[in-house]
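Residue strings, one per chain:
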Amino acid sequence: MILITGGAGFIGANFVLDWFRSGEDEGIVTLDKLTYAGNLENLRDLQHDPRHIFVRGDIGDKVLVANLLSKYRPRAIVNFAAESHVDRSIHGPTEFIQTNVVGTFNLLECAREYWGGLGDGDKGRFRLHHVSTDEVYGSLGLSDPAFKETNPYEPNSPYSASKAASDHLVRAWFHTYGFPVVTTNCSNNYGPYHFPEKLIPLVILNALNSKPLPIYGDGQQIRDWLYVGDHCSAIREVLANGRLGETYNIGGWNEKTNIEAVKTICSVLDKLRPRDDRKSYADQITFVKDRPGHDRRYAIDASKVEQELGWRPAETFDTGIRKTIQWYLDNSDWVKGVVTGAYREWLEKQYQKQ
Ligand code: NAD
Ligand code: DAU
C-alpha cells in the first residue's frame with residue numbers, strides 16, 4: 001500500500017488514476033479532507049475498485065493519521081494535500097498556514113513515529129515524497145536562467161511562503177532525524193480535473209459560457225506549463241528511484257506568457273467548438289486589475305531529473321492543451337458538478353472589483 005494525501009484534488013486524483021493505469025500493483029489509501037478543491041467525482045472510476053480505499057480526513061489530525069499508518073502500514077506516503085490557490089491565500093492565509101505548514105508538520109511527525117517502529121527491511125524501503133512548487137524560488141527576470149534546485153528560496157505570496165515553510169520542515173526532518181524524504185518542486189500543471197479557479201480551466205469554461213476571459217495586469221507574466229500526466233509520471237519515477245534527501249525540479253520546458261496561453265486556448269476552441277457568431281473566443285479577453293505581488297516569471301530547469309532519472313515531459317503545450325480542452329468538452333457533467341454555490345461566491349468576490 002501507499003498513502004496518498006490530497007488525492008481527491010486535481011494533481012492527486014490524476015496521480016491515483018494514473019498509478020493504476022500505468023500498471024502499478026500496490027494499492028492506494030487516499031486521505032483527503034474534501035475542502036472546496038477536493039472532489040470524489042475525480043475518483044469515481046475507482047469507486048468499486050478493491051485496490052483503492054478513500055478516507056475523509058485532515059493531515060493535521062494526529063490520531064487519524066497515526067491510526068491510518070498503523071492500520072494500512074504503507075511503504076510510502078505522497079503528500080499532495082495543500083491549499084493551492086495563490087489568490088485565495090491573498091484573501092485569507094489562515095488555512096494555508098494550517099494545512100501547508102502545521103498539517104505537513106503533523107504528517108511528518110506521525111510518519112516519523114511509524115517509520116521508527118518498522119523492522120529493518122520495511123524501514124529501509126520507506127519514504128515520504130513531498131509535492132511542492134516552483135513558486136518557492138520567487139520571481140525571475142526575463143533573462144534570468146531557469147530555477148535550479150540550488151536557487152535560494154524567495155517566496156512572495158502567502159501560498160508560496162507556506163509551501164516554502166513545509167519544504168524546510170521536510171528537509172530538516174531528513175537532516176536531523178534521518179527520516180527518509182524526497183521533495184519535488186514543479187511548475188504550473190494543467191489537464192483533466194483542474195478546478196476552474198485556476199487560469200486554464202477558468203478560461204476554457206468562461207469562453208464556452210460567453211463570459212469575459214480575465215487577464216491580470218498586462219498578461220506578460222510567464223509560466224512554465226506542465227501537463228499533469230507528465231507530472232504524475234515524474235513523481236512515480238522520483239518515488240521509485242529518487243535519492244533520499246534530494247529535491248528535484250519538474251517542469252514542462254514550456255514557457256508561455258499568460259496572454260499567449262489564453263490566445264492558444266481561444267484558437268483551439270475556435271476550431272473544436274466555434275462560437276455561434278463565428279467570431280473568435282479571443283474577443284472575450286478582458287484585462288483586469290493585477291494580482292497583488294504578482295510574480296513575473298517562473299521557469300524550471302528540469303535537467304537534474306532528466307540526467308539522474310531519465311525523465312522528460314512527453315507533452316508540449318500545444319499537444320497538452322488540445323487534450324485538456326477536449327477533456328473539458330467531453331466532461332460537461334463533471335463541470336456542472338464542480339460549479340457549486342460556494343464556487344460561484346468565490347468568483348463574485350474575486351472578480352467583482354476588477
Ligand atoms: P488542489 O487544491 O486541487 O487539491 C488539494 C487537495 O488537498 C484537495 O483534494 C483538498 O481537499 C485536499 N486537502 C486540503 N487540505 C487538506 C488537509 N488539511 N488534509 C487533507 N487533505 C487536504 O491542489 P493541486 O493543484 O492538486 O496541488 C496538489 C499539490 O501540488 C499541492 O501541494 C500544491 O501546492 C502542489 N503544486 C500544484 C501545482 C499546480 O499547478 N496545481 C504546481 C506545483 C505544485
Ligand atoms: O507555479 C506552480 C503554481 O501554479 C502552483 O504552486 C499553484 O498551486 C498553482 O495554483 C499555480 O499558481 P499560479 O498562480 O501560477 O496559477 P493560476 O492558474 O492561478 O495563475 C496562472 C497565471 O495566470 C498567473 O500569472 C495569474 C494569471 N491569472 C490567473 C487567473 C486565475 C490571470 O491572468 N487571470 C486569472 O483569472
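Given the structure is predicted, the values throughout are model-derived calculations rather than measurements. (Residues numbered from 1 in each chain as written. Chains lettered and ligands numbered in written order. Predicted model: local features only at pLDDT ≥ 70, side-chain atom pairs only at ≥ 80, totals over all residues. Heavy atoms only, no water.)

Caption draft 1: The nonpolar core, seen in detail. Counting 53 residues, the largest nonpolar core has Ile4, Phe15, Phe80, Ile200, Ile265, Ile321 and Ile325 as the members making the most contacts within it. It is helix H1 (residues 10–21) that provides the largest number of residues to this core, a total of eight residues. Discounting residues that sit within four places of it in the chain, phenylalanine 15 has contacts with Ile2, Ile4, Phe80, Cys232, Ile235 and Arg236. Formed by 26 residues, the second largest nonpolar core is a distinct cluster that contains Leu31, Leu68, Ile77 and Trp115. (Core = buried A, V, L, I, M, F, W, Y, C linked by side-chain atoms within 4.5 Å. Buried < 20%, exposed > 50% of the residue type's maximum accessible area, 1.4 Å probe, protein only. Helix = DSSP H or I, 4+ residues; strand = E, 2+ residues; numbered from the N terminus. Contact = heavy atoms within 4.5 Å.)

Caption draft 2: Layout of the site of ligand 1. Lining the immediate environment of ligand 1, one finds 28 residues, of which Ile11, Asp32, Ser84, Tyr159 and Lys163 sit closest. At 2.6 Å from an oxygen atom of ligand 1 is found a side-chain nitrogen or oxygen belonging to aspartate 32. Between ligand 1 and the protein, one listed contact pairs an oxygen atom with a backbone N or O atom of phenylalanine 80 at 3.3 Å. Across the complex, the protein chains shield 97% of the 830 Å² of accessible surface that ligand 1 would expose by itself. Where the shell around ligand 1 is concerned, the elements lending two or more residues are H1, strand E5 (127–133) and helix H6 (158–177). When residues of the shell around ligand 1 are assigned to their parent elements, the largest contribution, three residues, is made by E5. Looking at the shell around ligand 1 residue by residue, the class counts come to 12 nonpolar, 12 polar and four charged. (Near = heavy atom within 4 Å. Polar contact = N/O pair within 3.5 Å; in protein donor to acceptor, adjacent residues only side chain to side chain. Areas by Shrake-Rupley, 256 points an atom, 1.4 Å probe, with all protein chains shown as cover. Nonpolar A, V, L, I, M, F, W, Y, C, P; charged D, E, K, R; others polar.)

Caption draft 3: Up close: the sheet that holds strand E3 (residues 52–56). Within the open sheet, the seven strands sit side by side as E3-E2-E1-E4-E5-E6-E11. Their pairing is parallel. Whereas interior strands pair on both sides, the edge strands pair on one side only; in this sheet they are E3 and strand E11 (247–250). Between one strand axis and the next, the sheet turns by 20° as a mean value, whatever way the strands run. Bridge count for strand E1 (residues 2–5) against strand E2 (residues 28–32) is four bridges, and the pairing is parallel. The partner of isoleucine 2 across the bridge, within E2, is isoleucine 28. (Pairing = 2+ DSSP bridges. Axes fitted to C-alpha atoms, helices over the stretch in contact; angles between N-to-C directions.)

Caption draft 4: Spotlight on the packing of aromatic side chains. Considering all chains together, one arrives at 21 aromatic pairs under this definition. Taking 5.3 Å as the distance between ring centres and 70° as the angle between the ring planes, the aromatic pair formed by tryptophan 173 and tyrosine 177 counts as edge-to-face. Residue tryptophan 173 and its partner tyrosine 177 are both found in helix H6; the two are separated by four residues, about one turn of the helix. Ring centres of tyrosine 328 and tryptophan 334 lie 6.1 Å apart, and the angle between their planes is 80°; this geometry places the pair in the edge-to-face category. Both residues of the pair, tyrosine 328 and tryptophan 334, count as buried. Clustering of aromatic rings is evident, with ring pairs tying together Tyr114, Trp115, Phe126 and Phe179. The lysine or arginine in question, lysine 123, covers the ring of tryptophan 115, its NZ or CZ lying 4.8 Å from the ring centre. In this structure, lysine 304 packs its charged tip against the face of tyrosine 248, placed 4.8 Å from the ring centre. (Phe/Tyr/Trp six-rings, centres within 6.5 Å; stacked < 30°, edge-to-face > 60°. Lys NZ or Arg CZ within 6 Å of the ring centre and 35° of its normal.)

The values reported here are purely geometric and, on their own, carry no functional implication.
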